[in-house]
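# Secondary and tertiary structure notes
Here is what each chain is made of, one letter per residue.
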2 protein chains.
Amino acid sequence: MSIKIALLGFGTVASGVPFLLKENGDKIRQAAQTELEVAKVLVKDDAEKERLLAAGNDFHFVTNVDEILNDDDIAIVVELMGRIEPAKTFISRALEAGKHVVTANKDLLAVHGTELIELAQKNGVALYYEAAVAGGIPILRTLVNSLASDKITRVLGVVNGTSNFMMTKMVDEGWSYDEALAEAQRLGFAESDPTNDVDGIDAAYKMVILSQFAFGMNVKFEEVDHKGIRNITPEDVAVAQELGYVVKLVGSIEETPSGITAEVTPTFLPKTHPLASVNGVMNAVFVESIGIGESMYYGPGAGQKPTATSVVADIARIARRLQEGTIGKAFNEYSRPVELAQPEDIKSSYYFAIFTPDEKGQALKIVDIFTQANVSLKQILQQEAKDNQARLVIITHSIDKNQFDKVSADLSAVADFELLNTFKVLGE
Amino acid sequence: MSIKIALLGFGTVASGVPFLLKENGDKIRQAAQTELEVAKVLVKDDAEKERLLAAGNDFHFVTNVDEILNDDDIAIVVELMGRIEPAKTFISRALEAGKHVVTANKDLLAVHGTELIELAQKNGVALYYEAAVAGGIPILRTLVNSLASDKITRVLGVVNGTSNFMMTKMVDEGWSYDEALAEAQRLGFAESDPTNDVDGIDAAYKMVILSQFAFGMNVKFEEVDHKGIRNITPEDVAVAQELGYVVKLVGSIEETPSGITAEVTPTFLPKTHPLASVNGVMNAVFVESIGIGESMYYGPGAGQKPTATSVVADIARIARRLQEGTIGKAFNEYSRPVELAQPEDIKSSYYFAIFTPDEKGQALKIVDIFTQANVSLKQILQQEAKDNQARLVIITHSIDKNQFDKVSADLSAVADFELLNTFKVLGE
């Protein structure tokens, strides 16, 4: 007996699925305890179908999703089209038709995950999405299985390959943001509109999903503060290096006494931190917990074969559970009521870069603003003046969100000052 | 209803089990879908029992294992005594009594794993041992679940914390082997007889287990070549740094056209390799595969809470499977007939350090020996002479095991030469 699969979409990742089923057939069969067969593939239109057939792809291509949803022989639907619609409608209809669904669609899961998960539960079918966070890194299932016995206190993730590629160029080669973006676009890592990657939106989607698996809490996308890498200058990068840090775009989720807080922001990582050496398009998720202490899961965050590997692992798991008769449990069962942290519990050191007129007494004025907010300073760096403007860099000791907001507002309120950048600083 | 557990031994790791069950009770209960209760604890004798009770440990301590094996209420036996006997006898009897077993005993599993696994299968019970390889890193279950869809081509592991702590001191601080060992012993990382750690035996045990999970092959301990760190000198470490490498004790398992080969040996890792920044007592397993490409799993290799976390994850998994009615499947089901690689398929670059008399023509003689074996050289470094002895360092291009053995034998056969050290070099 074999279990029949349908693919929705036949782009890069989707074509990796039959590759793996063929190249690694024996092992997958042993894991799934059955043959897995790609029975139908949904494509956009006849033109795409003809093109794929002409290119030698030997699949049963269909252009109407009903041919899949109404086919009782198909047990598993694999959605790899991306974006919200029509993916959302197709997945919903597949779940309602009693089909198990595997998807890598993080945007969809971050925004509509709760309702889709409920729909899957209601219909007693599986909805798995290991590939949705950090493509090739088996982080979600590891959180579910192996860290079930552990209590996680903080998750830090370098989970956007495009921005990490750019930051690596900016740090290692001293490139500007624009140079790094141009190269990322040339290599196909960044889209012509890079907003999702460089503004931290993609990473914030992943934090939404990770908050469910690591903390059992359904944080909403809107509740994840996100700030991207657009404004990072070579000066910021140089200061970081001088002080022993590497700048990266880091997503974090942390449990505080009052609840959890999730955020994506450029972060100064101490050079010795394991995340600091995660370079190029590679991703990593760093987990702090009361049991293991510190662990890290490193691998490619995207790409055809890595993503397809996670997708096929999900498919094999569903096949296995179908035969064991244990299908239908939620991918992630860890669930607690959502509690968001109070601002006074959200603490970090921060980096402030400020332009001031190159006049006597300006630094004192700035320090006074920090002192008013009861913020103690760890490091102050006055950088050489240019055009009568001095650049002042301040790294604070640990402060809370209220203090951070007050200092930021007070600095912005002084017409003479320009608050260039604020980043988190890890390590205190 | 609760599921009752018995602990065999109450040392450091064992006492971490009730700690986690208490500190993380809600989440573990959700994962296990039942209460887990430590019902009995086996200790050595009445003296230990009295000591533990006096110290405020509130458990039902027993000194006779029969009180556990004959207790029908106990479903899961957790062996944390270490060493071969009496652990082997107790585990065998527990399996025969229809009890599920969790253990962290890598020595036992590496040497007698096959027979214990068969015994578990025969009795339809589980034998789980996530903690046996790289303590706190959930590598075994990840290989079973998430990498089931992938074909692994090579595994590289920094899996002995003691030797990695020592190597980190030797590399970062320039310490000698003896200085590093003394510090490791002072801190309790190394035993008074450090043989298992520093000679690569412990790492070789872990390669035996990893070869089963990553390659489905039951390689025997005797089939894992192992060489330790005793002979590494500050000169070796300095040369490595000069050439852009970091020296670490690395275990490797690799699939070649003729079969697999497993080995533990000091290895030059390029500074940019993810394993190169795994420092101190931390462990990491680096996996190369056709799907994911490169992934790494990083965490503490030992310690009370990390190891207990893996043990409790195993316990929760058993509890879960008991309720699903899916218990009794092997921890690792991936299995192929063992095929060991032929020497001509085992390839690597190598580092040779050789003492020669400080006389004209010696270097030429040495190069001739390499040429005779058809070995081409990548780098030659003649280091300053001392006491009429010169130190010659050679790094080869990729050569096979036959070539390596011939060169080593030919060099040793010349009375004038002293072959100081040979290490693997990664990166070609």
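Residues numbered from 1 in each chain as written. Chains lettered and ligands numbered in written order. Predicted model: local features only at pLDDT ≥ 70, side-chain atom pairs only at ≥ 80, totals over all residues. Heavy atoms only, no water.

## What to know about the sheet that holds strand E4 (residues 74-79) of chain B
Residues and elements named next belong to chain B. With parallel pairing, six strands are arranged side by side in an open sheet as E3-E2-E1-E4-E5-E6. The open sheet has two edge strands, strand E3 (61-62) and strand E6 (127-128), and neither has a second partner. The pairing of strand E5 (residues 100-103) with E6 spans two bridges and is classified as parallel. Within E6, the position partnered with Val 101 by the bridge is Leu 127. (Pairing = 2+ DSSP bridges. Helix = DSSP H or I, 4+ residues; strand = E, 2+ residues; numbered from the N terminus.)

## Observations regarding the relation of the copies chain A and chain B
With an RMSD of 0.0 Å, the operation that places chain A on chain B is a rotation of 180 degrees combined with a shift of 0.0 Å along the axis. Here the transformation between the copies is reduced to the relation of a two-fold axis. The position closest to the rotation axis in chain A is occupied by the C-alpha of Tyr 297 of chain A, lying 2.5 Å away. Interface overlap between copies: 98% of the residues of chain A at the interface are likewise at the interface in chain B, consistent with a symmetric, same-surface contact. (Least-squares fit on C-alpha atoms with pLDDT ≥ 70 in both. Contact = heavy atoms within 4.5 Å.)

## Brief notes about a nonpolar patch on the surface
There is a patch of nonpolar side chains on the surface, built from Leu 187, Phe 189 and Val 281 of chain A and spanning about 210 Å² of accessible area. Positionally, Val 281 of chain A belongs in the loop between strand E10 (259-270) and strand E11 (282-289). (Patch = residues over 30% accessible without salt bridge, like charges linked within 9 Å, V, L, I, M, F, W, Y side chains within 5 Å. Areas by Shrake-Rupley, 256 points an atom, 1.4 Å probe, with all protein chains shown as cover. Salt bridge = Lys/Arg side-chain N within 4 Å of Asp/Glu carboxyl O.)

## Considerations on the domain arrangement of chain A
The parts lose accessible area when they come together, and the size of an interface is often stated as this lost area. All names here are of chain A. Domain assignment breaks chain A into domain 1 (3-136 + 304-324), domain 2 (148-300) and domain 3 (344-425). The interface of domain 2 with domain 3 comprises 21 residues on the first partner and 17 residues on the second. Summing both partners gives a buried area of about 1,600 Å² for domain 2 against domain 3, and 54% of it is carried by carbon and sulfur. It is Val 239, Leu 243 and Phe 268 that lose the most area in domain 2 upon contact with domain 3, and together they represent 28% of the buried surface on that side. Joining domain 2 to domain 3, the criterion identifies two salt bridges. Inspection of the domain 2/domain 3 interface yields ten residue pairs in polar contact (both at pLDDT 80 or more). (Domains from an automatic or database assignment. Buried area = accessible area lost by both parts, 1.4 Å probe. Polar contact = N/O pair within 3.5 Å; in protein donor to acceptor, adjacent residues only side chain to side chain.)

## Notes on the UniProt feature "binding site: NADPH" (unreviewed entry) in chain A
All names here are of chain A. Here the UniProt-annotated "binding site: NADPH" (unreviewed entry) positions come out as Lys 106. Along the chain, Lys 106 turns up in helix H6 (residues 106-122). In this structure Lys 106 touches Ala 132, Asp 202, Tyr 205, Lys 206 and Ile 209, once residues within four positions along its chain are discounted. (UniProt positions renumbered as here; feature names shortened; annotations may be inferred.)

## Remarks on the packing of helix H2 (residues 25-32) of chain B against helix H13 (residues 304-324) of chain B
All names here are of chain B. In contact at an axis separation of 8 Å, H2 and H13 are set at 40 degrees when each is read in the N-to-C sense. Looking at the two axes, H2 sits oblique to H13. Note on element contacts: H13 touches H2 through Val 312, Ala 316, Ala 319, Arg 320 and Gln 323, opposite Ile 28, Gln 30, Ala 31 and Ala 32. Of the residues contributing to the contact of H2 with H13, the split by class is six nonpolar, two polar and one charged. (Axes fitted to C-alpha atoms, helices over the stretch in contact; angles between N-to-C directions. Parallel < 35°, antiparallel > 145°, perpendicular 65-115°, else oblique. Nonpolar A, V, L, I, M, F, W, Y, C, P; charged D, E, K, R; others polar.)

## Re the sheet that holds strand E4 (residues 74-79) of chain A
Residue and element names in this part refer to chain A. The parallel open sheet is built from six strands, whose spatial order is E3-E2-E1-E4-E5-E6. The open sheet has two edge strands, strand E3 (61-62) and strand E6 (127-128), and neither has a second partner. Across the face of the sheet, helix H13 (residues 304-324) comes into contact with strand E1 (2-8), strand E2 (35-42), E4, strand E5 (100-103) and E6 while running at roughly 165 degrees to E5.

## Details of the interface of chain A and chain B
Tallying the contact residues gives 51 residues for chain A and 50 residues for chain B. Buried area between chain A and chain B, summed over both chains or domains, comes out near 4,300 Å², and the portion from carbon and sulfur atoms is 52%. When residues of chain A are sorted by the area they lose upon contact with chain B, Lys 27, Ser 149 and Tyr 298 of chain A head the list and together hold 16% of the total. Across the contact surface, chain A and chain B share six salt bridges. Measuring nitrogen to oxygen at the nearest pair gives 3.3 Å for the salt bridge that ties Glu 324 of chain B to Lys 329 of chain A.

## With respect to the UniProt feature "binding site: L-homoserine" (unreviewed entry) in chain A
All names here are of chain A. Mapped onto this numbering, the UniProt entry annotates "binding site: L-homoserine" (unreviewed entry) at Glu 191. In this fold, Glu 191 is placed in the loop between helix H9 (177-186) and helix H10 (195-198). Sequence-distant contacts of Glu 191, defined by excluding residues within four places in its chain, comprise Arg 83 and Gln 185.

## A few points about the pairing of strand E9 (residues 245-256) of chain A
Residue and element names in this part refer to chain A. Of all twelve residues making up E9, ten are buried, and the element is well covered by its neighbours. Two strands pair when backbone bridges link them, and strand E7 (residues 152-158) and E9 are joined in this way by four bridges, in the antiparallel orientation. Bridge pairing in E9 places Val 155 opposite Ile 253. Across twelve bridges, E9 lies against E10 in antiparallel orientation. From the neighbouring strand, Ile 253 faces E10, where its bridge partner is Ala 262. Counted between consecutive antiparallel strands, the loop separating E9 from E10 contains two residues. (Buried < 20%, exposed > 50% of the residue type's maximum accessible area, 1.4 Å probe, protein only.)

## What about H13 of chain B?
Residues and elements named next belong to chain B. When the terminal C-alpha atoms of H13 are compared, their 30 Å separation across 21 residues agrees well with the 30 Å that a helix rising 1.5 Å per residue should span. With 17 of 21 residues buried, H13 is to be regarded as a mostly interior element. Directly beyond the C-terminal end of H13, a positive phi value near 75 degrees is found at Gly 325. (Expected span 1.5 Å × (residues − 1).)

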